[in-house]
Amino acid sequence: MDAVHTPAVTLSWKNIRVRVKQDHREGSLGAAGRSWRSWMPTLPSSPGFGAGEPLLGWRAARQKLLIDGVSGAVDGGSFLAVVGASGTGKTTLLAAITKRLRGRAVSGDVLLNGRAASAKLLARVCGFVPQKDLATVTLTTTEHLNFMAVMRLDARVSASARARRIRVLLADLGLTACAHTRLAHLSGGERRRVALAVQLMVSPLVLALDEPCSGLDAEGSRVVLEALRREAGRGRAVLCTVHQAAPDLLRLFSHILVLSAGRVVFQGPLDDAQPFLAEVGARGQAGWTASTPLDAMLQQLCDPAAHLDTARVCTAFANSGHAQILEEYPVSEEVLARDVIRAPDIKHVSWFTEVSWLVWREVVDARRQNSRVFAQLALFLVTAAIMSLAFMDVRLTSLAGVQSVRGLLYLIVSEVVFTHSYAVFHTFPAELPIYLRESDLYSSSAYYVGKVLATVPRSAIEPLLFVGVIQSQVDLTAGGGVVTFVGVLGILFLTALTASAYGCMLSAQFESPEMVLAVTQPVDFICVLSAGIFNTIRSLPFYIKWTRFVSVFFYCHEMLSIVYWQNVVHIDCPVSSPDLPCLKDGGAVLEDIGFDTANLGRDLLGLGALCLGLHVVGFLGVVRRSRQQSAF
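In the annotation of an unreviewed UniProt entry, the entry for the chain reads LOW QUALITY PROTEIN: protein scarlet-like, and the organism field reads Thrips palmi. UniProt lists a comment for the chain under the heading Sequence similarities (unreviewed entry), and it reads "Belongs to the ABC transporter superfamily. ABCG family. Eye pigment precursor importer (TC 3.A.1.204) subfamily." According to its UniProt record, the chain has this under Subcellular location (unreviewed entry): "Membrane".

*Asks:* Tell me about the packing of helix H21 (residues 552-565) against helix H22 (residues 586-593), and name the residues and values.
*Replies:* Packed helices, taken two at a time, are described by the angle between their axes plus the distance between the axes. Where H21 contacts H22, the axes come no closer than 9 Å and their chain directions differ by 160°. Between H21 and H22, the crossing angle belongs to the class labelled roughly antiparallel. Once H21 is placed against H22, the crossing between them reads as right-handed. Facing H21, whose interface residues are Ser561, Ile562 and Trp565, H22 presents Gly586, Gly587, Val589 and Leu590. Per-class residue counts for the contact of H21 with H22 are four nonpolar, three polar and no charged.

*Asks:* If you had to explain the packing of aromatic side chains to someone new, which residues and values would you point to?
*Replies:* Counting across every chain of the model gives 21 aromatic pairs. Ring centres of Phe428 and Tyr447 lie 6.1 Å apart, and the angle between their planes is 70°; this geometry places the pair in the edge-to-face category. Of this pair, Phe428 sits in helix H16 (residues 427-438) while Tyr447 sits in helix H17 (residues 444-471); the two residues are 19 residues apart in sequence, bridging distant segments of the chain. Of the two residues, Phe428 and Tyr447, neither departs from the other in class, the shared state being buried.

*Asks:* An account of the pairing of strand E10 (residues 206-209) is requested, with residue identities and associated values reported.
*Replies:* Consecutive residues of a regular strand have side chains that alternate between opposite faces of the sheet. Neither face of E10 is open: one carries Val206 and Ala208, the other Leu207 and Leu209, and all of them are buried. Pairing of strand E9 (residues 126-129) with E10 involves four bridges; the strand directions are parallel. Following the sheet pairing, Phe128 is matched in E10 by Ala208. Of the pairings in the sheet, the one linking E10 to strand E11 (residues 237-242) comprises four bridges and is parallel in character. Each bridged residue has a counterpart across the sheet, and for Leu209 the counterpart in E11 is Cys240. In this region the chain leaves E10, passes through helix H6 (residues 218-233) and returns to the parallel neighbour E11; the handedness of that crossover is right-handed.

Reading guide: rules and limits
- Residues numbered from 1 in each chain as written.
- Predicted model: local features only at pLDDT ≥ 70, side-chain atom pairs only at ≥ 80, totals over all residues.
- Heavy atoms only, no water.
- UniProt positions renumbered as here; feature names shortened; annotations may be inferred.
- Axes fitted to C-alpha atoms, helices over the stretch in contact; angles between N-to-C directions.
- Helix = DSSP H or I, 4+ residues; strand = E, 2+ residues; numbered from the N terminus.
- Parallel < 35°, antiparallel > 145°, perpendicular 65-115°, else oblique.
- Left-handed = near helix turned anticlockwise from the far one by under 90°.
- Contact = heavy atoms within 4.5 Å.
- Nonpolar A, V, L, I, M, F, W, Y, C, P; charged D, E, K, R; others polar.
- Phe/Tyr/Trp six-rings, centres within 6.5 Å; stacked < 30°, edge-to-face > 60°.
- Buried < 20%, exposed > 50% of the residue type's maximum accessible area, 1.4 Å probe, protein only.
- Pairing = 2+ DSSP bridges.
- Right-handed = clockwise from strand over helix to strand, strands pointing away.

Here it is in structure tokens:
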């Protein structure tokens, strides 16, 4: 499959330690390893409180050691299995030696052919396939690989060469039959092989996989592991974590690394594992369903109920000849200098190409979920139809008619704002994990701009249809004609864009849509309160009045009111209501609300600035989270 010879490579790691902050009472606080309670002040020793007990009963965050001084190595051509029970640190070790951990304290050295390897260098020469496969599942296999080829391969590679490369990968991994099948319809084993194809696209020297057999049956696991063994046979250094492999599958590996509580139990050739483990007392127990002695020993090491002193076993390995070999592993510095450091840099595609392909993927994804899009649009139009029927008999012949029109304008504003902001609340919480997985392929700005551009068609089409339905029953131009109607559409289009920016900003800051909704409720309440809908702007207290300048409701409401009421030149003042104020024309209505026609330009600039500012904050939220969360 490879057009060029894979250079010899040795990946080694020395004394790797990984620590994560952990609250004493709460346990681990997630991937970022941060405790927001650790800053709480403590109380002195007193009756009812322990010494140093923090306020509100919280205790300071502590550090938990996940990986404890692990050293090891893997050669090109070797197929290494990292084995251990759940929670022993297999995934953490794999991410640490490929330098994909963020937000955790990592110490130790990672060497490539005897020289310190930077994260940038490892990203170029090491392919990483996480356990959890994240992708846009509406794409077909070929479409997904074509997108990845554009982002990963040299920009000077032609489209025909990319297509040829993809065909070779599909044939080599047995995926030709599902080349035009959507990822959502592939089996688990096929999805794993597609993820493997993405990494093999750039012919990595090292290939790391996190539990590639998880969730697969025996046959699916065999197909995946045999594909990996072929890659090792081509000279790559292949290592993968394995929770529990069947004995016949374990024999596909050439080397094994056994972990227990973040320490090495054994690492070396697979054939040497059984004699060493037997020597230190791991003999298995009667009644276990193990077909080989090595399988029984691994079951015993992975079973806490076996009461094996794994700490003693780890110490025995650290003092053994196997550990000494790893400490003095022979490497060739000359190979690294010639084949890696001096390799020509890959020319990446331009920023505009990144954006165009990201928008293409968003459009394809939306088009293939058209039933959901049509359902949302249908509900939006039903709302417009109900509103138009409710206000179809409104006439500006009384103050009641004026109040009805004011209510209609408010409903239009609120419907557009809430619909377009709520529509993107799920965007980043649901899709940010995909970006984190692909963050080394394209820039954060290209990702964010692509997501924003994908919302523009909806922001243009939905207000047009919405206003068109209402206009069929209620004259929103007040006799102003086409120019006024276009003005109303323009205002609502800019409002929809700003509402989408508001939704993007909130969803980029928080990890769950539930948290977004909890935050947005008080914010929306304050913004509606200062929009001149339920009371006049003049009557607002000073500590509330300023919020109108950061309220999309205010800007849209004032502009829409100005465009409508400036065309109303006469309103009847009924004699039957002498105690009510007489609003003789649209100008009087605007003055009663607290609006001014001179503010139209200011509001346009304000709404545009608010849209831009919200997107800037949203983009910074995406960047912040991408730097705090690990990309695996």
